[in-house]
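A look at the structure
One letter stands for each residue in the lines below.
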Number of protein chains: 2
Amino acid sequence: MVQKSKKPPSAAKIEAPVAPKRRGRPRAYEPDVALGKALDLFRRDGFAATSLDDLSAATGMNRPSLYGAFGDKRELYIKSYQRYRSEARAAMVDIFRADAPLRERLERIYRIALDIYLSGESGPRGCFTVMTAASEAVSDPDIRTMVLEGLTELDKAFGICFRHAKERGELPDGADPASLAHLASATIHTIAIRARARVPRRELEAIVKGAIDVMCGPK
Amino acid sequence: MVQKSKKPPSAAKIEAPVAPKRRGRPRAYEPDVALGKALDLFRRDGFAATSLDDLSAATGMNRPSLYGAFGDKRELYIKSYQRYRSEARAAMVDIFRADAPLRERLERIYRIALDIYLSGESGPRGCFTVMTAASEAVSDPDIRTMVLEGLTELDKAFGICFRHAKERGELPDGADPASLAHLASATIHTIAIRARARVPRRELEAIVKGAIDVMCGPK
DNA sequence: ACTTTTTTGTACCATTTCGCATTAAATTCC
DNA sequence: GGAATTTAATGCGAAATGGTACAAAAAAGT
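Let us look at the structure shown here. Note that this is a predicted model, so its numbers are computed, not measured. (Residues numbered from 1 in each chain as written. Chains lettered and ligands numbered in written order. Predicted model: local features only at pLDDT ≥ 70, side-chain atom pairs only at ≥ 80, totals over all residues. Heavy atoms only, no water.)

Considerations on the overall build of chain A
A tally of regular secondary structure across chain A gives nine helices and zero strands. When the helices and strands of chain A are listed from N to C terminus, the series reads α-α-α-α-α-α-α-α-α. Taking all 219 residues of chain A together, 46% fall into the buried category. A fraction of 67% describes how many contacts in chain A between residues 6 or more apart in sequence connect residues 24 or more apart. With the model as given, the accessible surface of chain A reaches about 12,100 Å², and the carbon-plus-sulfur share is 53%. Treating the 37 positive side-chain charges of chain A as one cloud and the 29 negative ones as another, the clouds have centres 6 Å apart. (Helix = DSSP H or I, 4+ residues; strand = E, 2+ residues; numbered from the N terminus. Buried < 20%, exposed > 50% of the residue type's maximum accessible area, 1.4 Å probe, protein only. Contact = heavy atoms within 4.5 Å. Areas by Shrake-Rupley, 256 points an atom, 1.4 Å probe, with all protein chains shown as cover. Lys, Arg positive; Asp, Glu negative; His and termini not counted. Charge placed at Lys NZ, Arg CZ, Asp CG, Glu CD.)

Okay, structure coming up:
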């Protein structure tokens, strides 16, 4: 798809975010909310168990529109996963950046994680990366790349946290930030899995608390 | 299925493990190996993406035989999962029972876990519980029960390990065996996920080593 | 008003999927 | 050898699946 003449060269104004006066029949859906619905389905049922009919029903788009907007099923899955990752990142990035004590930062991160994993009308939704993407990762290189990115991104964010905390003297000298970061990620993963098995929030919070105590040293 | 007259009442001998002289045409397959093949498929592709044709081809049984031997697809899946769990348990139970120092026991457990997760001709197979069963767990109560059993079984086994170690003085007084057990399980879960994304064994071993150092205190 | 462009909606196709009905084969019991 | 029994093998059928062709609809440009 060679895009020429997409930007009107005379437009001195910044591209208006709304009503760009498209040419043909207007869309009957909003791509963003449709992608959100698709994400919900894929996340609940996985790639194979989600049919185009399901997606069509959930998004309100008929199949040709779906296809036109997002490409085939696999592309839609990948776009959904991208969307999930960027949402998850957005929900956590502020906390990771924040300049708060280690324990408090961890508590907030895990609270957000539990919110994400436990929400959902038809049961807890778990983590897209852990629950469905990792399964596809063996056979699909593109998805595998995204999963690996997601995993290392989380490791790195935690790693920065712990390194920062160590510099501040919040951790003993012997502490290894990299190992602690992996343990912090592992705790994310274990609660994602348990959430999916409908372990109640209370228990997950207890697991998180215990993990934080081990990682930070007892309060 | 009311089973009467299954045990010949005159049989004073112990049931012969082979050649019980069944009545009709002999089976062309061995149920155990067939179930093993089915397990491999389900584990690699998950429930929905594994078709009866795939299963038929892998086991060498045609569909009616499959159906007769194991019931429908869902039953076969559940039987496969049961088989997986009992194999995994068998591979680990000796180590959990063994009377070795904590660190050594952990090292051996994780070595076995990596063996299980990384084996497979068409890529690493990961953990059945984590990869495919947990996905089904939201919607299927029976599978959910099994997943929960698997999770708590692992927690308990690790818990006994750490409690034992603490009694022996291998852990500091402040150590909480339950929290450590959850972290040990979490480490199992995180390497299962990463294995599925083809993270090389070296890296997984490094993660395990770091986790053990944190849990046991540095060597 | 007419053309152009973009999207919708219906319908269709080829394939796959699960499950089962039926027939043929292989073995034991009498 | 023949009846009974258990399994294998073939194949059918209804439903679902992913994908697409095609015409109608709704907007903007001329």
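With respect to the interface of chain B and chain A
Every contact between the two is made by 35 residues of chain B and, on the other side, 35 residues of chain A. At the boundary of chain B and chain A, one finds two salt bridges. Residues Asp155 of chain B and Arg194 of chain A are paired through a salt bridge, measuring 2.7 Å at the closest nitrogen-oxygen approach. Across the contact surface, chain B and chain A share 12 residue pairs in polar contact (both at pLDDT 80 or more). Among the elements of the structure, helix 6 (128-137), helix 7 (141-167), helix 8 (177-196) and helix 9 (201-216) of chain B are those that each provide at least two residues to the side of chain B that touches chain A. Take the side of chain B that touches chain A: its biggest share by element is 12 residues, from helix 8 of chain B. Of the residues belonging to the side of chain B that touches chain A, the class tally is 20 nonpolar, 10 polar and five charged. (Salt bridge = Lys/Arg side-chain N within 4 Å of Asp/Glu carboxyl O. Polar contact = N/O pair within 3.5 Å; in protein donor to acceptor, adjacent residues only side chain to side chain. Nonpolar A, V, L, I, M, F, W, Y, C, P; charged D, E, K, R; others polar.)

Considerations on the relation of the copies chain B and chain A
For the pair chain B and chain A, the relating rotation is 180 degrees, the translation along its axis is 0.0 Å, and the fit reaches an RMSD of 0.0 Å. The superposition of one copy onto the other is thereby described by a two-fold rotation axis. Both copies contact each other with a shared surface, as 100% of the interface residues of chain B are interface residues in chain A too. (Least-squares fit on C-alpha atoms with pLDDT ≥ 70 in both.)

Here's the deal with the packing of helix 5 (residues 102-118) of chain B against helix 9 of chain B
Residue and element names in this part refer to chain B. Where helix 5 meets helix 9, the closest approach of the two axes is 11 Å, and the angle between their N-to-C directions is 155 degrees. On the basis of the axis angle, helix 5 is roughly antiparallel to helix 9. Of the two elements, helix 5 crosses helix 9, and the hand of that crossing is right-handed. Contact residues: helix 5 offers Leu102, Arg103, Leu106, Glu107, Tyr110, Arg111, Leu114, Asp115 and Leu118, while helix 9 offers Arg201, Leu204, Glu205, Val208, Ile212, Asp213, Met215 and Cys216. For the contact of helix 5 with helix 9, the per-class residue count stands at 10 nonpolar, no polar and seven charged. (Axes fitted to C-alpha atoms, helices over the stretch in contact; angles between N-to-C directions. Parallel < 35°, antiparallel > 145°, perpendicular 65-115°, else oblique. Left-handed = near helix turned anticlockwise from the far one by under 90°.)

Some points on the side chain of Ser80 of chain B
Locating Ser80 of chain B in the fold gives a position in helix 4 (residues 73-97). Residue contacts for Ser80 of chain B: discarding those within four places in its chain leaves Leu35, Ala38, Leu39 and Phe42 of chain B.

What about the packing of aromatic side chains?
Residue and element names in this part refer to chain A. Inspection of every chain in the model, using the stated rule, returns 16 aromatic pairs over all chains. Taking the centre distance of 4.9 Å and the plane angle of 15 degrees together, the rings of Tyr81 and Phe128 count as stacked. Here Tyr81 is found in helix 4 (residues 73-97), whereas its partner Phe128 is found in helix 6 (residues 128-137), with 47 residues between them in sequence. Accessibility classification places Tyr81 together with Phe128 in one group, the buried group. A network of ring pairs unites the aromatic residues Phe42, Phe47, Tyr77, Tyr81, Tyr84 and Phe128 as a single cluster. (Phe/Tyr/Trp six-rings, centres within 6.5 Å; stacked < 30°, edge-to-face > 60°.)

Thoughts on the pattern of salt bridges
All names here are of chain A. Under the defined criterion, the tally for this structure stands at 32 salt bridges over all chains. Here Asp213 and Lys209 are joined by a salt bridge, their closest N and O atoms 2.9 Å apart. Taken together, the positions of Asp213 and Lys209, both in helix 9 (residues 201-216) and four residues apart, correspond to about one turn of that helix. Residue Asp213 is classed as partly exposed on the basis of its relative accessible area, which comes to 22%.

Section: the nonpolar core
Among the nonpolar cores identified, the biggest contains 126 residues, and Phe158 of chain A together with Phe158 of chain B are the most heavily contacted of them. Each residue touching Phe158 of chain B, except ones within four places of it in the same chain, is listed here: Phe96, Leu106, Ile109, Tyr110, Ala181, Ala184, Ser185 and Ile188 of chain B. (Core = buried A, V, L, I, M, F, W, Y, C linked by side-chain atoms within 4.5 Å.)

Observations regarding the protein's contact with DNA strand D
Around DNA strand D sit 26 residues, and of these Leu52, Arg63, Tyr67 and Lys73 of chain A together with Arg22 of chain B come closest. Each atom of DNA strand D within 4 Å of the protein was classed as base or backbone; sugar and phosphate made up 68%. A distance of 2.5 Å separates a base oxygen of DNA strand D from a polar side-chain atom of Arg63 of chain A. A distance of 2.5 Å separates a phosphate oxygen of DNA strand D from a polar atom in the side chain of Lys73 of chain A. (Near = heavy atom within 4 Å.)

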